[in-house]
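# Fold and contact review
This is what each chain is made of:
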Number of protein chains: 2
Amino acid sequence: MNSLRRIDYMTEAWVTLATNDSYAVGALVLAHSLKSVNSTRPLVVMITDQVSSAMRNRLSEVSCRVQEVNVMDSQDSAHLALLARPELGITFTKLHCWTLTEFSKCVFLDADTLVIQNCDELFDREEFSAAADAGWPDCFNSGVFVFRPSMETYGKLVAFAVAEGSFDGGDQGLLNSYFSDWATKDISRRLPFIYNMTASASYSYRPAYKQFGKNVRIVHFIGSPKPWQASEASAFQNPVPGDHIAHWWRIFICYVLPYLSSDMSATLTPD
Amino acid sequence: MNSLRRIDYMTEAWVTLATNDSYAVGALVLAHSLKSVNSTRPLVVMITDQVSSAMRNRLSEVSCRVQEVNVMDSQDSAHLALLARPELGITFTKLHCWTLTEFSKCVFLDADTLVIQNCDELFDREEFSAAADAGWPDCFNSGVFVFRPSMETYGKLVAFAVAEGSFDGGDQGLLNSYFSDWATKDISRRLPFIYNMTASASYSYRPAYKQFGKNVRIVHFIGSPKPWQASEASAFQNPVPGDHIAHWWRIFICYVLPYLSSDMSATLTPD
Ligand SMILES: O=c1ccn([C@@H]2O[C@H](COP(=O)(O)OP(=O)(O)O)[C@@H](O)[C@H]2O)c(=O)[nH]1
Ligand SMILES: O=c1ccn([C@@H]2O[C@H](COP(=O)(O)OP(=O)(O)O)[C@@H](O)[C@H]2O)c(=O)[nH]1
Ligand SMILES: [Mn+2]
Ligand SMILES: [Mn+2]
């Protein structure tokens, strides 16, 4: 922690994204997890037009701002370029976080992450900081990253994406190609794995999880099924201390489900 | 590459370890893989007394030195301490590489690694350099590491091991606890993943493998089955370009098997 840095809580924010009501449920649980660890920074939720208005209302009650983004309707330079590369649409949606220029610094969190310990110290990091991807650790995982909103960076990212595409078809491949010196340039840009622990890591190297797991701050439920696609029964089937799916479900049951209308919770049927 | 550094090929070496004839077969394939990429540095093979004399002869033909190590018989300070912690025996065997003080710098390679491109540039790195473990990337994988033999370091490692044990029961947990600033201190000590690519990574994040796989220099067959435990048939079952198990078996069939007596190859029966 850099205690000399003047912290302007109003200009720093967590940011997440939900393009439909299912991911919005993830965003709601994430929002409550941030509250439960007493984070000092607010949450911005970026959504697209498929998110229902009932869900928007719920999101606006737990976040400082619900921001609709839709690059296809945008008037900026990305528009024309994108018409030629429609398959990049979802990738571009995440890039929109760079347009939130009323904030000086942000931490992006995927809607399938869960904050289990306060980690406001992430705002002491600089763009572009992220944790290693456990699948190929010279790449970062793009589910948690520190960035500085900037229309200039946004424009460069869009231009880069249009010119180069993404080696994995998503934002992670694109961001790794753009911030390609992440692995070698500056060790402070490498977030410890405890800030983006993929849930499967707790069994892929179990002794390390036993040794370091108590330090984990953010759990990331990559791949499928997402926690909201698992049944409640299976989430609590073999409850073990520190079970992250069960933690997600406790927040969901106590703070999210009571405020969902029946048609909203219907979107959660495991698919 | 630091081209100004005076390279004394005689004082730098690859080091591997085989405590039985099965791992010795891995060491033989590794030795031939180093030859096939024209490495300028010799290979030292550390063995224990279970390795047969026929196998020792084969090992001595492909390496610059076969060094028998056996901490339980040693006269050094580790001896007494170890009597109290016999379960650490195998872990200690690997630590013996620090006793090879006639070399100024070495790169340790597990016997289940395969060098597929020349990577003599590893000798430009400093102790202690290693690549991230894909299971928990804030730990390094101890299958490939750069070190400087030193009786002082050896003594400290042994003392540390006796006092602290190993969180995973093996050398990897021990070395990670001892070199605990690896993840945060100096980015040059982080070897790129291409120097210790766990074979499973080629499918755990396939797009990254497609993008960066051509740069891979060392493949590591962690876990089981080891290549020598797979049957020849299964190794060639679905041959795809860049298939690392098939690469291992080609070297084995062309350069190793013809020189094994029938009782030596009998140790390879899949278990
Ligand atoms: O249909 C989608 C897919 C993704 N996302 C957002 O993009 C992130 C990344 O996708 P996901 O988490 O599914 O990818 P993974 O982490 O499993 O690779 C999600 O967490 C959401 O924030 C979304 O809103 N709608
Ligand atoms: O019974 C054994 C076990 C291990 N080793 C040596 O120790 C290394 C580490 O063990 P292993 O590769 O089996 O562990 P993994 O990489 O699968 O974790 C091996 O490559 C060998 O060099 C050995 O000689 N005999
Ligand atoms: Mn995710
Ligand atoms: Mn190994």
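Because the structure is predicted, anything quoted here is derived from the model rather than measured. (Residues numbered from 1 in each chain as written. Chains lettered and ligands numbered in written order. Predicted model: local features only at pLDDT ≥ 70, side-chain atom pairs only at ≥ 80, totals over all residues. Heavy atoms only, no water.)

## Looking at the coordination of the manganese ion (ligand 4)
Residue and element names in this part refer to chain B. Under the convention used in this document: Note: metal donors comprise N, O and S atoms at 2.8 Å or less from the metal (3.2 Å for Na, K and Ca); water molecules are not included, so apparent gaps in a site are possible. Tetrahedral means four donors with every angle between 85 and 135 degrees, whereas square planar (four donors) and octahedral (six donors) require angles over 155 degrees between opposite donors and between 65 and 115 for all others; sites fitting neither are termed irregular. Helix and strand definitions follow DSSP, with helices as H or I runs of at least four residues and strands as E runs of at least two, each counted in order from the N terminus. Only protein chains enter the calculation, and the probe is 1.4 Å; a residue is then buried if its accessible area is under 20% of its type maximum, exposed if over 50%, and partly exposed in between.
Protein-derived ligands of the manganese ion (ligand 4) are Asp110 (OD), Asp112 (OD), Asp112 (OD) and His220 (NE2), with the metal-ligand distances lying across 2.2 to 2.3 Å. Around the manganese ion (ligand 4) sit six donor atoms, and with donor-metal-donor angles ranging over 57 to 174 degrees the site reads as irregular. Here the donor residues of the manganese ion (ligand 4) share one chain and are spaced in sequence as D-x1-D-x107-H. You can see Asp110 sitting in the loop between β4 (105-109) and β5 (113-115) and its partner His220 sitting in strand β10 (residues 218-220), a full 110 residues away along the chain. Taken as a pair, Asp110 and His220 share a single burial class, namely buried.

## Some thoughts on the confidence of the model for chain A
Stated precisely, the cut-off is as follows: pLDDT expresses, on a scale from 0 to 100, how confident the predictor is about each individual residue.
Across chain A, the average pLDDT comes to 88, with 85% of residues at 70 or higher. Here the predicted complex carries an ipTM of 0.90, next to a pTM of 0.91.

## Here we look at helix α5 (residues 151-164) of chain A
Residues and elements named next belong to chain A. The line we're drawing: Multiply 1.5 Å by the residue count of a helix minus one, and that product is the helix's expected span. The term polar contact refers here to a pair of N or O atoms within 3.5 Å; inside protein, the definition further demands a hydrogen-donor-capable atom paired with an acceptor-capable atom, and it admits residues adjacent in sequence only when both atoms are side-chain atoms.
Between its terminal C-alpha atoms α5 stretches 20 Å, which fits the 20 Å expected from 14 residues at 1.5 Å a residue. Here α5 starts with a cap whose side-chain oxygen sits 3.2 Å from the backbone nitrogen of Glu152, and that cap is Ser150. Positive phi appears at Gly165, one or two residues downstream of α5, with a value of about 70 degrees.

## A word on the pattern of salt bridges
The cut-off we apply is this: Counted as salt bridges are all cases of a side-chain nitrogen of Lys or Arg within 4 Å of a carboxyl oxygen of Asp or Glu.
One pass over the structure, following the stated rule, counts 25 salt bridges over all chains. Across the pair Arg148 of chain A and Glu126 of chain A runs a salt bridge, and its minimum N-O distance is 2.8 Å. Pair noted here: Arg148 of chain A is in the loop between β7 (140-147) and α5 and Glu126 of chain A is in the loop between β5 (113-115) and β6 (129-132), with a separation of 22 residues, a long-range link. According to the relative accessible area criterion, Glu126 of chain A is partly exposed, its value standing at 29%. Here Asp112 of chain B makes a salt bridge to Lys226 of chain B, at a shortest N to O gap of 2.6 Å. With Asp112 of chain B in the loop between β4 and β5 and Lys226 of chain B in the loop between β10 and α9 (232-235), this residue pair connects regions lying 114 residues apart in the sequence. Salt bridges linked by common partners bring Lys94, Asp110 and Asp171 of chain A together as one network.

## A short note on helix α1 (residues 21-36) of chain A
All names here are of chain A. Given a rise of 1.5 Å per residue, 16 residues ought to cover 22 Å, and the 22 Å separating the end C-alpha atoms of α1 matches this to within 8%. Of all 16 residues in α1, 13 are buried, a share of seventy percent or more. The N-cap residue of α1 is Asn20: its side-chain oxygen and the backbone nitrogen of Ser22 are 3.1 Å apart. Among the residues trailing α1, Asn38 stands out with phi positive, at a value near 60 degrees.

## Topic: the relation of the copies chain B and chain A
Selection rule: The least-squares superposition of copies is restricted to C-alpha atoms, and to residues with a pLDDT of at least 70 in both copies. Contacts: residue pairs with any heavy atoms within 4.5 Å of one another.
Least-squares fitting of chain B to chain A yields an RMSD of 0.0 Å, with the transformation described by 0.0 Å of translation along the axis and a rotation of 180 degrees. Between the two chains, the operation in question is that of a two-fold axis. In this assembly the copies share their binding face: 100% of the residues contributing to the interface of chain B also contribute to that of chain A.

## Focus on the coordination of the manganese ion (ligand 3)
All names here are of chain A. For the manganese ion (ligand 3), the protein coordination sphere consists of Asp110 (OD), Asp112 (OD), Asp112 (OD) and His220 (NE2), at 2.2 to 2.3 Å. Taken together, the six donor atoms coordinating the manganese ion (ligand 3) span angles of 57 to 174 degrees at the metal, a pattern that classifies the geometry as irregular. Along the chain, the residues donating to the manganese ion (ligand 3) fall in the pattern D-x1-D-x107-H. Accessibility expressed as a relative area gives 2% for His220, which makes it buried.

## Description of the site of ligand 2
Residues and elements named next belong to chain B. Selection criterion: To be near a molecule or strand, a residue needs just one of its heavy atoms within 4 Å of it. Throughout, the Shrake-Rupley method with a 1.4 Å probe supplies accessible areas, and for residues the shown protein chains are the sole cover considered. Residues are grouped as follows: nonpolar covers Ala, Val, Leu, Ile, Met, Phe, Trp, Tyr, Cys and Pro; charged covers Asp, Glu, Lys and Arg; every other residue, Gly included, is treated as polar.
Around ligand 2, the neighbouring residues are Leu17, Ala18, Thr19, Asn20, Tyr23, Asp110, Ala111, Asp112, His220, Ile222, Gly223 and Lys226. Leu17 is positioned with one of its backbone polar atoms (N or O) 2.6 Å from an oxygen atom of ligand 2. In the model, an oxygen atom of ligand 2 is placed 2.7 Å from a nitrogen or oxygen of the Lys226 side chain. Out of a free accessible area of 520 Å², ligand 2 has 75% covered by protein chains. Residues belonging to the shell around ligand 2 are distributed by class as follows: five nonpolar, four polar and three charged.

## Quick word on the interface of chain B and chain A
Where we set the bar: Two parts placed together each lose some accessible area under a 1.4 Å probe, and the buried area is that loss summed for both.
Opposite the 31 residues of chain B that make contact, chain A presents 32 residues. At the boundary of chain B with chain A, total buried surface from both sides reaches about 2500 Å², with 71% on carbon and sulfur atoms. A per-residue breakdown of the area chain B buries against chain A is headed by Trp136, Ile187 and Tyr205 of chain B, which together make up 32% of the total. Where chain B touches chain A, the interface holds zero salt bridges. Taken together, the connections running from chain B to chain A amount to eight residue pairs in polar contact (both at pLDDT 80 or more). Looking at which element gives the most residues to the side of chain B that touches chain A, the answer is helix α8 (residues 206-212) of chain B, with five residues. In terms of residue class, the side of chain B that touches chain A is built from 19 nonpolar, six polar and six charged.

## Looking at the sheet that holds β6 of chain A
Residues and elements named next belong to chain A. Test applied: By this definition, two strands are paired if DSSP reports at least two bridges between them. Only the contacting stretch of a helix is used when fitting its axis, a line to C-alpha atoms as for every element, and angles between N-to-C directions run 0 to 180 degrees.
Pairing in this open sheet of seven strands is mixed, and the strands run β3-β2-β1-β4-β7-β6-β8 from one edge to the other. Because the sheet does not close on itself, it has two edges, and the strands there are β3 (65-68) and β8 (190-191). Taken together, the two bridges between β6 and β8 define a ladder with parallel strand orientation. Following the sheet pairing, Ala130 is matched in β8 by Arg190. Across the sheet, helix α2 (residues 53-62) touches β2 (43-47) and β3, and the angle it forms with β3 is around 135 degrees.

## Observations concerning the site of ligand 1
Residues and elements named next belong to chain A. Around ligand 1, the structure places Leu17, Ala18, Thr19, Asn20, Tyr23, Asp110, Ala111, Asp112, His220, Ile222, Gly223 and Lys226. In this structure, an oxygen atom belonging to ligand 1 sits 3.0 Å away from a side-chain N or O atom of His220. A total of 510 Å² of accessible area belongs to ligand 1 in isolation, and the protein chains cover 76% of it.

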